[in-house]
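Structural description and commentary
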Amino acid sequence: RILKPGGTLRFVTDWLDYAEWALERLERTPGLRRVGPADQDWFAAPADHVVTRYEEKKLGDTDPIFLEFKKST
């Protein structure tokens, strides 16, 4: 309800089980659709992604996973 129509939600994590958990819930959320094909490369960072200090620490169990959704207009 907070995301405006046409708005983009980006989710990034370096924990595989958290990415799978989030993907399952985001795909069930009414009004959200995944950007790109369903089999898109989870590890492909958007061109405008800024690496954070936390991401540089590499504390997770995988390389960063990127999920992107758009809210219906």
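A short tour of the structure in this document, coming up. Since the model is a prediction, treat every value here as computed from it, not as a measurement.

Take the overall build of the protein next. Regarding its fold elements, the protein presents two helices and three strands. Listed by position from the N terminus, the elements making up the protein come as β-α-β-α-β. Referenced to the eigenvectors of the C-alpha coordinate spread, the extents of the protein come out at roughly 35 × 25 × 25 Å. Within the protein, residue pairs in contact and separated by at least 24 positions form 71% of the contacts whose partners lie at least 6 positions apart. Carbon and sulfur atoms form 56% of the exposed surface of the protein, whose accessible area is close to 5,500 Å². Of the side-chain charges in the protein, 12 are positive and 13 negative, and the distance between the mean point of each set is 11 Å.

A complete count under the given rule lists two aromatic pairs for this structure. Their ring planes at 70° and their centres at 5.1 Å tell us that Phe11 and Tyr18 sit as a pair that is edge-to-face. For the ring pair Tyr18 and Trp21, a centre distance of 6.0 Å and an interplane angle of 25° mean the geometry is stacked. One end of the pair, Tyr18, and the other, Trp21, are both in helix α1 (residues 16-28), three residues apart, so they sit about a helical turn from each other. The class of Trp21 is partly exposed, set by a relative accessible area of 44%. Among the aromatic residues, those joined into a cluster by ring pairs are Phe11, Tyr18 and Trp21.

Our focus in this paragraph is the sheet that holds strand β1 (residues 8-13). Here we have three strands laid out as an open sheet, ordered β1-β3-β2, and antiparallel in their pairing. Edge positions in the sheet fall to β1 and β2 (32-34), since each of these pairs with one other strand and no more. The average angle at which neighbouring strand axes cross in this sheet is 30°, direction not considered. Across three bridges, β2 lies against strand β3 (residues 65-71) in antiparallel orientation. What sits directly across from Arg33, in β3, is Lys70.

Another point: the pairing of β3. In this structure, β1 lies alongside β3, joined through six bridges in antiparallel fashion. Looking across to β3, one finds that Leu9 is bridged to Phe69.

Within the element layout of this structure, Arg28 appears in helix α1. Overall, Arg28 belongs to the exposed group, its relative accessible area being 56%. The spacing of Arg28 and Asp17 is eleven residues in sequence and 17 Å in space, taken between C-alpha atoms. Among the polar contacts made by the side chain of Arg28, one reaches the side chain of Glu24 at a distance of 3.2 Å.

Calculation criteria
Each residue is numbered by its place in its chain's sequence as written, counting from 1. Totals for whole chains, interfaces and linings use all residues, but because this is a predicted model, local features are given only for residues with pLDDT of at least 70 and pairs of side-chain atoms are given and counted only at 80 or more. To get the side-chain values, take all heavy atoms of the structure and skip hydrogens and water. Only DSSP runs of H or I reaching four residues or more are called helices, and only runs of E reaching two or more are called strands; each is numbered from the N terminus. In what follows, a contact means two residues having at least one pair of non-hydrogen atoms within 4.5 Å. Only the protein chains shown count as cover for residues, and the accessible areas themselves come from Shrake-Rupley with a 1.4 Å probe. Counting rule applied: Lys, Arg positive; Asp, Glu negative; His and chain ends not counted. Charge coordinates come from a single atom per side chain, which is NZ of Lys, CZ of Arg, CG of Asp or CD of Glu. Between the rings of Phe, Tyr and Trp (Trp by its six-membered ring), a pair exists once the centres lie within 6.5 Å; its type follows the angle of the planes, with under 30 degrees stacked, over 60 edge-to-face, and the other angles tilted. Think of it in three bands: with a 1.4 Å probe and only protein chains considered, a residue is buried below 20% of the maximum accessible area for its type, exposed above 50%, and partly exposed in between. DSSP-based pairing: two strands are paired if at least 2 bridges between them are found. To get an axis, fit a line to the C-alpha atoms, keeping to the stretch in contact for a helix; angles then go from 0 to 180 degrees between the N-to-C directions. For the purposes of these results, a polar contact is taken to be a pair of N or O atoms within 3.5 Å, where, inside protein, one atom must be able to donate a hydrogen and its partner to accept one; residues adjacent in sequence count only when each atom of the pair is a side-chain atom.

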